Amino acid sequence: MPSPATSQNPPSPDLAADAQPGSRAAARQQKRRDLLKSYYGIGERGGGTTTPKKAAKDKLPDPLDIDNHAFNAELHLNKLLNEMSLPDLIQRDNFLITEIKQLDGDMKTLVYENYNKFISATDTIRSMKTNVENMEAEMDLLSQSMTKFNEASGAINRDLMEERKKLNQLNSVDNLLKKLHFVFELPSRLHECVDKGQYSQAVRYYARVASLLDRYQHMAVFKKITEECRTIIDGVSKLVKDKLHGNTSSLSEIAESVGLLLRLNATPPADLAREYREAACFRLAKIKQTCLAHMHDLQLTQQVSASDLTEEPLPPDVRLAMDRIIYFDDHYVRDFSEFVESYTGYFLQPNEAAAMSPESPKIAEAKVNVFSKLSSEQQVAVRGELVSTVDSVTKQYIEEVEKLLQIPEDITKLSPLAYIHVLDRMHKDVQSMEPLKRIGRMDKRVNAMSFELLSKVVTAVFAKIKKEFFNRYKDVTAASSEATDLNRFVKELNSWMKNTLINQYLPILERFVSPNIDFMKHSVFGTDDILDQIQRGLDVFWLSFTEDMVTHNDPPREAVDRTPPPPVVTLMMSRSALDLSLGTVEGVMSAYTDVLFSRKGDGESAVPTPRVARPQLTVVTASGGTVATGMGSGRVGTHTPPVSGTSNETMLRARDISGICKATAQRLLTIYVERLNVGLTQIIQIHMETTDWERLPEPPTALSEAWTSILDAMAHVDRDVAQLYQDDGGARAGGGDRLNARGRDLASRTKVSSSGHSRTGSSSNPSSHIHHSSSGNFRQPVGVGGGGGATGKPGGGGGKFDPMWSNIDKLFAERVEYHGPVEMTRTAVLTSVSRVILKCFVELVRVAAFNAGGFQQTQLDVELLKTHLWQHCSDERLFNSLLDEVLTCAFRRCLPDPPYLDYGIIDSLVSTYN
Amino acid sequence: MDTEGSVYGLDHQARCLKAQLGEGERSRFFVGTQDFKHPNELHLIDYDEDESLITTHKIPHEFEIRSIAPHPAQSESVITVFKEPLKAPKATLWRLASPESDATGKLRNDTGNMEAVVHIEPSDHLAAIDDILWDPSSSKYNRVLARGKHALALFALDEAKASAIATTVIPVKSIDSTSRGVACASWNPHADLIATGVGAAVLGIDLRTPTRPAYEIPAAHTSVRCIDYNPIKPQTIATGGTDGFIRFWDTRSLVQPIKEVSDHTHWVWTVSFNRIYDQLFLSAGSDCRVNLQSIISISSAAALSDITSSSDNEDAYSADRTSSRDEFSGNSKPTDGLVCTSDHHEDSVYAAEWSAADPWIYASVSYDGRVAVNLVPRDHKYKIIL
């Protein structure tokens, strides 16, 4: 019971004392504690119990709380005694006792542990002390030994000093003597060298002592030697320079001379570089000339060399081409390569170049260790000059090769073997010329050039046939007056085209795709690319071909020469285009597919993977316009469906192109009709406008010349068109039907006469016919035999315009499209032309005024047309209504009412035309 | 207001129609009949937009009328070109006894008369008069140009004298090998420059230096039928021809037409720019069609719209306008293309003209004597003005 009180009691007075205000010692102590606390990081946590000041702030003083700083045991005891029952108090007492015992135990453990640590620390310190004492002694020993070594070494050195000095001296004297000897002997040596022509040796000697002489030239002895040497060397350098610029020096001599000059240091290196370049270029040009001359003279060697690309022996022309290119490469290109190499060695990259030239030891030897030091700007300039030289030479080279491989005028003479062999050889040769590859990227350029050349050939092949096509038409133009068999011409031309494309060009193109050509292996391009090129060439060929046909016949407004070919050419080309669409395109494309395009992707995988959908076939052609996919209906069912995926694709394209061709045929036919219309309407227009219809004599004595010429033209057109375009069945064909037409006409007239007037009697009563021909637009629906004019109301009005009847007529008539696309049949063409003619007639009659003579002339012309134009116009209703309109209008525009021309006269005059 | 327009039938065939230029209030047109044998009529027709009604005033005219040239300012003065049998066509300036009209302006469908003021006779050099053009630049209106087949002639009009005096005769020769004559002419509204269609070519004739053409288009059409100056951009001319094409040319650069329209299937007989909204363009031909074209891309409106569209983003006001425009017309700006085709005619249409009073009204006449008055479709009109 009292123990807790005692255990708690002692701090209380301390606490109280500590807390005494004004106690300086306490304040100092507190400060020290705070420092320690902050050092150990105890901080505020433990502060509650250990630092009363702080605890006071945190906790209110409570004398009853056993853990409080203001705990008062007395009060606490009293409180417990008052509040608690006896058993509780006993329990409380027990609890406190156990707690105190526990605290005691803890304290003892802590004290023991501390003691233990203290003991071990003492032990450690003691052992340290003994160890260190030992070490000090050993160190002293070591230092003594070192001093001894030092002394010994110094002694030896001192002893040997003398000897060494002597040796050095002797050595240098010897050297000097040697040098002097050399120097004194130099002039004679140089002389000797020069006499022997060993300039390089001379230069080497001189270079060895040049600096020495330079340094000692103030001494009289040397001065003389120097001067002597310099004169010799000047002579040498002059000689060398002459050699450099000499016309006869070979490239290697030039290279050597440059090396010497560099060593002599006589000329600034940059200038020398320029001189070297110029001299070499000059030399190269000469070499090229001689090469070319030689190549030209080069005759076929007799030995038959087998191609390494194909097993078969090479044909003579290929061998010749090969010989030429080999010669050219061996001489010109190799020399050029050497020049580039030594130039690089002298001015750009010494070591690498020297190491790189094992095959030309002479040059390598000459230039070893010769390398001019140029400033970086100079080096850039020198390099730039070299690159541009290489560029220009490469360009020249390519030009030469192109010349060698010129595309022949006759494509069939084109030798793909030659192309491939030459290009291949060229590629191999260039590939082996390291310097050229490094500096000029010549290999890349040659590669690109080869491919370009190939596509040029492909284009040329196709352009050739196009040119030939138009050329043949030019012949037609020249001979168009004679009766050419148009159909045969077109058919022959077409089969010629097909034949040439398949049997001549295809084998040629096929050879380009030979798989073991060297440059294709090395190039980024492959067989597929060549095939693509051919395919594209073919596509562009078709499209540009159709486009050219259109522009040929319908020159654009900005064209310089706007005179188109005669219309019949347009007609024939239209048929040609149609023939293309009717199988030629597909035939050619399928042949090409079988032979070429099906090979595509062979290298990649055996099974052709389905390709991505082909882009819409719109090809931008040379003129800049796009040709859209033509009519879908242009497909022809005769072609058997292809098998493989690739060919399927090509055939789809072939159908597209066929469609475009058909659209072109249609367009050309429309142009043909337009051009006919222009010509014919112009004749009518001039005829109608220049004739004074009010002052013509009565009755007319002849047919109008304009109309007979138009009928002639129509007959001609009919003949032309009939050869090329078939009838669609329902039309009247040929001259045999002309009788029919005539009979028909008679029949319609008989109808008139059946209503009372015989034909022979028509002269006695001309007015009966008036109503037949003039009333068409007035009193009855239009159309021949449509009820018979004479049976209708007679007489009344005599040509007075009645708008109501006119409107009713027109209401039933269909609206006619005079201009516009024309169907591709003979009937459609002729109908279109004839109705434009008639409509033109109508329009012009409406602005003319007539006298009786004028009217009768018009009547005569109308009858002429009724007889002879009828067969050309399938639209009978329109035909008659237009002619009736002409006659009605002429009648109405004639003052006074004219008498009709007698049919006897008409018939006899009309029959004069045939 | 309806956009259907209306139709009026004449008793005769007709091929000429012109707007009464002096009338600024009502949409009125002169129509001349063409009947070689019977007495003809000059019709003044009035179109009432509110009631969509045509009323007329008939004036007897002895000979067939080939062309009409209304006075540019005086509504009662009009020149007709007509042909007597066996005589070359000639022209007369008439003065109308002013027609009666009711309170709203409609005509009374009556018959009136007119008196001849000045006769314009063809001379030796000018064999026939095919058309008369008023000088558009002078405000005195005392000068007209007569078009013949192979010459143009300037006449001074003096109402005190019975016949006009030819002051200048300009021979016009075809530049192609054919002997086709002058088929049409149009007077530049801002200069003394006449555009003529001669055969296949268009020749610009400067009245001050008539000996050499100011410009020429050698092969404008197979045969040029009609020509019109853009009244707002006089460097633009439109031509129509027997190839069924309408071509627009910039007279400063004539290598290529600046636009080409081929909506007609036969000859184009008349072309006409709207006098106020030159993006509206009228053409008619012997395919019985009257086509209203929008040619905004080459009109003066194209230049204007460039300016407005560039400033559109700047102020809120214009943004408001844009939205309100959308509200009215549904879609935005007008574009090039055929606006509408009139199907009122069953025969060749030889004349189509814009009303002088209302830029949204036009009339056309076909050979069978049918006159049709039409309006620009309402939605297109809103596209233009909003």
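These numbers were taken from a predicted model, which means no experiment stands behind them.

Scoring rules and cut-offs
- Residues numbered from 1 in each chain as written.
- Chains lettered and ligands numbered in written order.
- Predicted model: local features only at pLDDT ≥ 70, side-chain atom pairs only at ≥ 80, totals over all residues.
- Helix = DSSP H or I, 4+ residues; strand = E, 2+ residues; numbered from the N terminus.
- Buried ≥ 20, exposed ≤ 12 C-beta atoms within 10 Å, placed from the backbone.
- Axes fitted to C-alpha atoms, helices over the stretch in contact; angles between N-to-C directions.
- Parallel < 35°, antiparallel > 145°, perpendicular 65-115°, else oblique.
- Contact = placed C-beta atoms within 7 Å.
- Nonpolar A, V, L, I, M, F, W, Y, C, P; charged D, E, K, R; others polar.
- Core = buried A, V, L, I, M, F, W, Y, C linked by C-beta atoms within 7 Å.
- UniProt positions renumbered as here; feature names shortened; annotations may be inferred.
- Pairing = 2+ DSSP bridges.

Colleague: Give a detailed account of unusual backbone geometry, specifying residues and quantitative values.
Modeller: Cis geometry is found at the peptide bond from A:L895 to A:P896, where omega equals -5°. If you trace the backbone, A:P896 turns up in the loop between α30 (876–892) and α31 (903–910). You will see that B:L86, though not glycine, has its phi angle at about 65°, which is positive. Looking at the secondary structure, you find B:L86 in the loop between β7 (77–83) and β8 (90–96). On the basis of neighbour count, B:L86 is assigned to the exposed category, with 10 C-beta atoms found within 10 Å. Positive phi, normally seen in glycine, also occurs at B:Y141, with a value near 50°.

Colleague: Quick rundown of the packing of helix α29 (residues 852–868) of chain A against α30(A)? Include the residues and the values.
Modeller: The axes of two packed helices give the description: the angle between them and the distance between them. All names here are of chain A. Contact geometry of α29 with α30 gives a least axis separation of 10 Å together with a crossing angle of 175°. Taken as axis vectors, α29 and α30 run roughly antiparallel relative to one another. Judged by residue contacts, F855, T858, Q859, V862, L865 and K866 of α29 engage L883, V886, L887, A890 and F891 from α30. Looking at side-chain class alone, the contact of α29 with α30 contains eight nonpolar, two polar and one charged residues.

Colleague: Please provide a residue-by-residue account of the nonpolar core, values included.
Modeller: By size, the foremost hydrophobic cluster in this structure holds 107 residues, and its most contacted members are B:L17, B:V31, B:I132, B:A146 and B:V371. Not counting residues up to four positions away in its chain, the partners in contact with B:I132 are B:S67, B:A69, B:I79, B:V81, B:A91, B:I120, B:V144 and B:A146. Counting 100 residues, the second-largest nonpolar core is a separate cluster that includes A:L454, A:V461, A:F462 and A:V862.

Colleague: Run through the UniProt feature "coiled-coil region" (unreviewed entry) in chain A, naming residues and quoting values.
Modeller: Mapped onto this structure's residue numbering, the UniProt feature "coiled-coil region" (unreviewed entry) falls at residues 125–152 of chain A. Taken end to end, residues 125–152 of chain A is 100% helix and 0% strand, and its two terminal C-alpha atoms sit 43 Å from one another.

Colleague: Tell me about the sheet that holds strand β24 (residues 280–285) of chain B, and please be specific about residues and values.
Modeller: Residues and elements named next belong to chain B. The strand order across the open sheet formed by four strands is β23-β24-β25-β26, and the pairing between neighbours is antiparallel. Only two strands of the sheet have a single neighbouring strand rather than two, namely β23 (268–273) and β26 (337–342). For this sheet, the mean inter-axis angle between neighbouring strands, taken without regard to orientation, is 20°.

Colleague: So, the UniProt feature "repeat: WD" (unreviewed entry) in chain B: which residues are in play, and what are the values?
Modeller: Following the UniProt record, one finds the feature "repeat: WD" (unreviewed entry) at residues 217–253 of chain B. Measuring from the first to the last C-alpha atom of residues 217–253 of chain B gives 10 Å, for a span that is 0% helix and 49% strand.

Colleague: Now, about the interface of chain B and chain A: what can you tell me, with residues and values included?
Modeller: Taken together, the contact between chain B and chain A spans 32 residues of the former and 28 residues of the latter. Grouping the amino acids of the side of chain B that touches chain A by side-chain chemistry returns seven nonpolar, 16 polar and nine charged.

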